[in-house]
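This is what each chain is made of:
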Amino acid sequence: MFVWFPFLALIRRELLETLRRRRAFLFLALVCGLSLLAVLVAWPEEETRVYMGGFAAQSLMSALLLSLMVSGLLLVPGLAGSAIVSERVNDSYDQLHLTLIRPSGILAAKLANVLGFYFLLAVAVLPLGGVLFFLVGIEWRDCLYGFALVFSLVFSCASAGLMCSTLFQRTIPAIVASYVAMIACTGLPVVLALACLESFFDYNTWNYWTSQLDSLFVQWGLAAAPSRYGGFSMEFLLCSLCPPISLFAPSSPNIVREYVYLAGAVIQCLLALGFLVVSASVLARAPRPPKVQSERPIDDTAILDSRRKNFPFYLIDPLRRKEQISDGRNAFLIKEIRWGLLGRTTSLMRFFYASLLLNLLGVPLVTILMGASDNFSVACGAAASMILTLLITPALLSNALIKEEEQGNLDMVRMTLLSPREILWGKLQAGAMNVLFLLIPALVVLLFVGASESMGWADWTPVNITLYAAPTLLVCALVSLAASMCASLYAHSTGAAVTGSYALSGFLLVGLPLVAAFVYVMSTFSREGRLSGFYSLDDAFEPPEVCAFSPWVAFLRMFGERQGIVHVYPWLGSLALFTLIAVALLIHVAIRYHHKFLKG
Amino acid sequence: MAMIETHDLKKVYNGFVALKGINLNIEAQDIYGFIGPNGAGKTTTIRILSTLLEPTGGQALVDGMDVMKSPYEIKKIVGYMPDSFGVYDGMRLREYLDFFGAAYKIPSKKRKSIIDDVLQLTDLTPRADDYVSAFSRGMKQRCCLAKTLIHDPKVLLLDEPASGLDPRARIEIRELLKTLRDMGKTILISSHILSELGDMCNKVAIIERGELLAAGGFREILAGVRQTREIRVEVLDGADEAATILANSPGIVNVDRSGNEFQMESTLGSAELTQLLRTLIERGVHVLFFSEEKGTLEDVFLSVTQGGL
Ligand SMILES: Nc1ncnc2c1ncn2[C@@H]1O[C@H](COP(=O)(O)OP(=O)(O)O)[C@@H](O)[C@H]1O
Ligand SMILES: [Mg+2]
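Each chain has its residues counted from 1, following the order in which its sequence is written. To read the labels, note that chains go from A and ligands from 1, taken in the order they are written. Whole-chain, interface and lining totals are the exception, using all residues; otherwise, since this is a predicted model, local features are given only for residues with pLDDT of at least 70 and side-chain atom pairs are given and counted only at 80 or more. Values reported for side chains reflect all heavy atoms of the structure, with hydrogen atoms and water molecules removed beforehand.

Caption draft 1: Looking closely at the overall build of chain A. The secondary structure listing takes helices from DSSP runs of H or I that are at least 4 residues long and strands from runs of E that are at least 2 residues long, numbered from the N terminus. Broken down by element type, chain A carries 26 helices and 0 strands. Between buried and exposed lies partly exposed: a residue is buried under 20% and exposed over 50% of the maximum accessible area for its type, with that area taken using a 1.4 Å probe on protein chains only. The buried share of chain A, reckoned over its 600 residues, is 46%. Residues are treated as being in contact if the distance between any of their heavy atoms lies within 4.5 Å. Long-range contacts, defined here as pairs at least 24 residues apart, represent 76% of the contacts in chain A between residues at least 6 apart. Accessible surface, chain A as shown: approximately 29900 Å² in total, 70% of it carbon and sulfur. We get accessible surface area from the Shrake-Rupley algorithm with a probe of 1.4 Å; when it comes to residues, only the shown protein chains can shield them.

Next up, the structure:
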């Protein structure tokens, strides 16, 4: 069989390889845990089951599908995004290219590996799906199309990841790009954009425009398409563009669940095919030869000056001869700054502008979305800026330690008289400087928004809020930095380091408060004997002992709607706790770093 | 005094035994060849000696110091060149050497002249301002050697320094190593290519699957392996006379004649061999050539290892 279809051999190698890894178990645990949680949360209460069986079953199925979808969306872009680029980085791609497997075969094998792995994970949670049969009222078609939707979304994300993996030459950009592509595939940006638009218009204008669109659909004959089930409408279109939302769309004459699922699946498959065609054509092209740097340094200041006359915007003259590293300084830090940080000034400046732009758009946007009228909305804007910054930080830092190893410089550096502490300290300081490129625009925008709101209200509170936001952001960034360093220490490749640092930062900054809230809810459950307030997540985050498990939740709580209670102490507590966590992580890295390599 | 000593050195990587008790003894100013097939444990041994790896058992001493107890002192006198290494992007050769010089805490005043010397020694002076990442493989190898020499180490641990080099670059490296030995350095050089070490090392150790099969001077190992010496004789005339003499000499066996040349094995000692030569000359044979065939490294290697290369 392998003779006729050589790429089957590749699939087998890939899939076995993936399953043999230790992380396969972690992924399995993640998927099972998420699904179990979904079922637990969505399980109907005693009273509801009797008279709302169908509805309860429906929401349970939605929760199960959502957990499958979320785990796919978290795992698949990482796997697919590193699939081809990692072969390139390891120089094994050329050898694969030389075999009889055609580029499309390579692509097919990688895709089959990613999807096959996901499929196996999904099969593992199928028994959980059995709980659906305890509740009546689920149509088998809903169920089937629901699964089809989830799988086709994962399929399009995998294809998008593979496309990014073929387009980029380095692992981190490829993985980050494939997560961005994943977000695009879910259609959430479209919905978000529409929601913003809606909030800009008043209710009547908005209704007018959507009904105009709906009547257009009628004119085109689309509304009649699935005639028996109502027509093509604005809501239908939105739901099918955005699978995660369609899972929870209420059934209405306009939205028939199975048709929304089907339309969504078709859209995702079409997207996936498009991505695959692009990747195959990129793969079929001959790879670009690596760029070779060859300019010599210029010692003559006159020449350098004339260069500056032509182009006065050089931040640092790349061709100026660098000074000797002076005595008594940490040589490693100087190396990191001169050749690490300044070597990537251009890309860092891009990060700077990107961060500035995103913050400038995001912070006012969220503030406006939240009503722009009270403290809470300003605080939400500030929280958005935190989220943006924390989303970029791990990508910048996660390969800090692994890079020396992957480039083959680590042994030589360890052989010098530099102590492990100097090496780590150098990495850490340089990493912190990297993060400044993200933090400064965020802080500037925060202050700017706070100040402009203050002027509007003739009240200092918004400025105060942003002053509270700044330390919160700094502490979160410190946690993210420490988490990235930690992931970089334990990972064996850049891909794993990136994924690991997102996972660890995510757990510390998002997972921990969720766990705290969950534990709190459970403890009230055992106290009161029933799940009171389980459905109101808001309440779960209210108590100070839960707030203290997340700086940003505590920050939001300080300016929450329930005025009068100012939760400054939980906030201070959370800052102290998370600073401690970050410092503990960093100390751990410092201790383990030397040890890890001595063992071999 | 031994510069490098290991006693029953063991290394286990998560259950896989990579070194099963290695005993090495390397004198100062040796060029010591460390030979073995891929996966034999050469890199593991060298990394332990350079304090990068912790041994699982046994002891390793460099210049009398234990690698586990005084790694910092050992790093000062050891230059290590890994078998595979990378270079930093965007660094020029001089900057690269300056970084490593600073990392070895060489004062900046001295650093400049040391870098010039090292560049001179490795013939890299004309490339000092070029980017290291743009170098060819051979140039990178030399650049790494230059980095290894920057703190003037007494001991050089070179892990396959000539692998992947063209013949010319290989000869250049060999000449360089001889220069370094004359400068008084002790050199441990590993390789799986025998011809690379043949005429350079004064001692060798042969390692296979984590076990040391033989160690010591070339000739000694060969003598230990073979009970006989290979003798070659060439005569101008009187070949028949010579053939009779050789055939009747005790201790000479397996005479193989082709024209005026004889190839034979002998169990005789050196004194008896000179006696044999005298007999030949006294009997009127015009001896053109009388010599012992020195074994090559290949012979040693083939007779010591059990196959499974
Ligand atoms: N970090 C490691 N983990 C596990 N096994 C290793 C590791 N490094 C080397 N080995 C194994 O130890 C053996 C010896 O390796 P090495 O010393 O690199 O051999 P050589 O340099 O002679 O080719 C090999 O079988 C190799 O697979
Ligand atoms: Mg080796």
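Caption draft 2: Structural detail: the nonpolar core. Here, the term nonpolar core denotes a set of buried Ala, Val, Leu, Ile, Met, Phe, Trp, Tyr and Cys residues that are joined through side-chain atoms within 4.5 Å. Ranked by size, the top nonpolar core spans 148 residues in total, and within it Phe555 of chain A together with Tyr96, Leu157 and Ile189 of chain B carry the most contacts. Per element, the largest residue contribution to this core is 13 residues, and it comes from helix H21 (residues 461-490) of chain A. Excluding anything up to four places from it in sequence, Ile189 of chain B contacts Ile31, Tyr32, Gly33, Phe34, Leu158, Pro161, Leu177, Leu197, Met200 and Cys201 of chain B. Counting 46 residues, the second-largest nonpolar core is a separate cluster that includes Ala24, Tyr118, Leu121 and Cys164 of chain A.

Caption draft 3: View of the packing of helix H20 (residues 420-457) of chain A against H21 of chain A. Residue and element names in this part refer to chain A. Between N-to-C directions, angles cover 0 to 180 degrees, with each direction set by a line fitted to C-alpha atoms, over the stretch in contact for helices. Where H20 meets H21, the closest approach of the two axes is 9 Å, and the angle between their N-to-C directions is 160°. As the angle between them shows, H20 and H21 are arranged roughly antiparallel. Seen from above, H20 lies across H21 with right-handed handedness. All residues other than Ala, Val, Leu, Ile, Met, Phe, Trp, Tyr, Cys, Pro, Asp, Glu, Lys and Arg, Gly among them, are scored as polar; the first ten of these are nonpolar and the last four charged. Split into classes, the residues belonging to the contact of H20 with H21 amount to 20 nonpolar, 4 polar and 2 charged. For this classification, under 35 degrees means roughly parallel, over 145 means roughly antiparallel, 65 to 115 means roughly perpendicular, and everything else is oblique. Less than a right angle of anticlockwise turn of the near helix away from the far helix marks a crossing as left-handed, whereas a clockwise turn marks it as right-handed.

Caption draft 4: Spotlight on the sheet that holds strand E14 (residues 287-292) of chain B. All names here are of chain B. Taken in spatial order, the 4 strands of this open sheet run E12-E13-E11-E14, and their pairing is antiparallel. Two strands bound the open sheet, and with one partner strand each, they are strand E12 (252-258) and E14. Taking the axes of each pair of neighbouring strands and ignoring which way they run, one obtains an average angle of 15° across the sheet. The strands that helix H9 (residues 239-248) touches are strand E11 (229-235), E12 and strand E13 (261-266); relative to E13, the one it contacts most, it runs at about 10°. Contacting E11, E12, E13 and E14, helix H10 (residues 270-282) crosses the sheet at an angle of about 170° to E14. Any two strands with at least two DSSP bridges between them are considered paired.

Caption draft 5: Region of the structure containing the pattern of salt bridges. When a carboxyl oxygen of Asp or Glu is within 4 Å of a side-chain nitrogen of Lys or Arg, the pair counts as a salt bridge. Inspection of every chain in the model, using the stated rule, returns 28 salt bridges over all chains. Ionic pairing is found between Glu422 of chain A and Lys105 of chain B, a salt bridge with its closest N-O pair at 3.0 Å. Of the two residues, Glu422 of chain A sits in helix H20 while Lys105 of chain B sits in the loop between helix H3 (93-103) and helix H4 (108-121), which places them in two different chains. Residue class for Glu422 of chain A comes out buried when judged on its relative accessible area of 19%. Among the salt bridges present, the one from Asp8 of chain B reaches Lys10 of chain B, with a minimum N-O distance of 3.2 Å. Given a relative accessible area of 34%, Lys10 of chain B falls into the partly exposed group. One connected set of salt bridges, linked through shared partners, spans Lys335, Glu336, Glu404 and Lys427 of chain A.

Caption draft 6: Quick peek at the interface of chain A and chain B. Every contact between the two is made by 37 residues of chain A and, on the other side, 45 residues of chain B. Carbon and sulfur atoms supply 53% of the area that chain A and chain B bury against each other, a total of about 3600 Å² over both sides. Where chain A packs against chain B, one counts 4 salt bridges. N or O atoms within 3.5 Å of each other form a polar contact, as long as, within protein, one can give a hydrogen and the other can take it, and as long as residues adjacent in sequence are counted only when both atoms are side-chain atoms. One can count 17 residue pairs in polar contact (both at pLDDT 80 or more) joining chain A with chain B. Secondary structure elements with two or more residues in the side of chain A that touches chain B: helix H15 (331-341), helix H19 (410-415) and helix H26 (568-599) of chain A. Broken down by element, the side of chain A that touches chain B gets its largest block of residues, 5 residues, from H19 of chain A. Accessible area, probed at 1.4 Å, shrinks when two parts are joined; the buried area is that loss added up over both.

Caption draft 7: Molecular detail of H4 of chain B. Residue and element names in this part refer to chain B. For H4, built from 14 residues, the straight-helix expectation of 20 Å at 1.5 Å per residue is met to within 8% by its first-to-last C-alpha distance of 20 Å. Along H4, the residues classified as buried are Ser108, Arg111, Ile115, Val118 and Leu119. Buried residues along H4 cover an arc of 95° about the axis, so they all sit on one side. In H4, the exposed positions that point more than 90 degrees away from the buried face belong to Lys109, Asp117 and Gln120. Check the buried side of H4 and you find it contacts H3 and helix H5 (137-148). Two residues or fewer past H4, Asp123 is found with a positive phi of approximately 60°. Any helix carries an expected span of 1.5 Å times its number of residues minus one. The arc refers to the directions leading from the helix axis to the C-beta atoms.

Caption draft 8: Focus on the site of ligand 1. Of all residues adjacent to ligand 1, which total 12 residues, the nearest are Gly39, Gly41, Lys42, Thr43 and Thr44 of chain B. One chain alone does not account for the residues near ligand 1; they come from chains A and B. A distance of 2.6 Å separates an oxygen atom of ligand 1 from a polar atom in the backbone of Gly39 of chain B. Between Ala40 of chain B and ligand 1, the recorded distance is 3.1 Å, taken from a backbone N or O atom to an oxygen atom. With the chains in place, 64% of the 560 Å² that ligand 1 exposes on its own is no longer accessible. Of all the secondary structure elements, the ones that give two or more residues to the shell around ligand 1 are strand E2 (16-27) and helix H1 (42-49) of chain B. Looking at which element gives the most residues to the shell around ligand 1, the answer is H1 of chain B, with 3 residues. Its residues placed into classes, the shell around ligand 1 shows 5 nonpolar, 6 polar and 1 charged. For this description, a residue counts as near a given molecule or strand if any of its non-hydrogen atoms is within 4 Å of it.

Caption draft 9: Here's a closer look at the environment of Gly78 of chain A. All names here are of chain A. Assignment of secondary structure puts Gly78 in helix H4 (residues 53-89). As a C-alpha pair, Gly78 and Ile368 span 290 residues in sequence and 33 Å in three-dimensional space. Ignoring any residue separated from it by four or fewer positions in sequence, one finds Gly78 in contact with Ile175 and Tyr179.

Caption draft 10: Focus on empty space enclosed by the protein. All names here are of chain A. Detection works on a 1 Å grid of protein atoms alone, calling trapped sets that fit a 1.4 Å probe cavities and calling open sets with protein on both sides within 12 Å along at least five of seven lines pockets, with lining residues defined by an atom within 4 Å of a point. Grid points are joined across faces, edges and corners, and a volume is the space filled by probe spheres set on the points. This model, assessed by the stated rule, comprises 5 cavities of 30 Å³ or more. The space that makes up the largest cavity amounts to roughly 120 Å³. In this structure, the largest cavity is lined by 13 residues; those nearest its centre are Glu336, Arg344, Ala400, Lys403 and Asn434. Of all elements in the fold, only H15, helix H17 (375-397), helix H18 (400-406) and H20 reach the threshold of two or more residues within the lining of the largest cavity.

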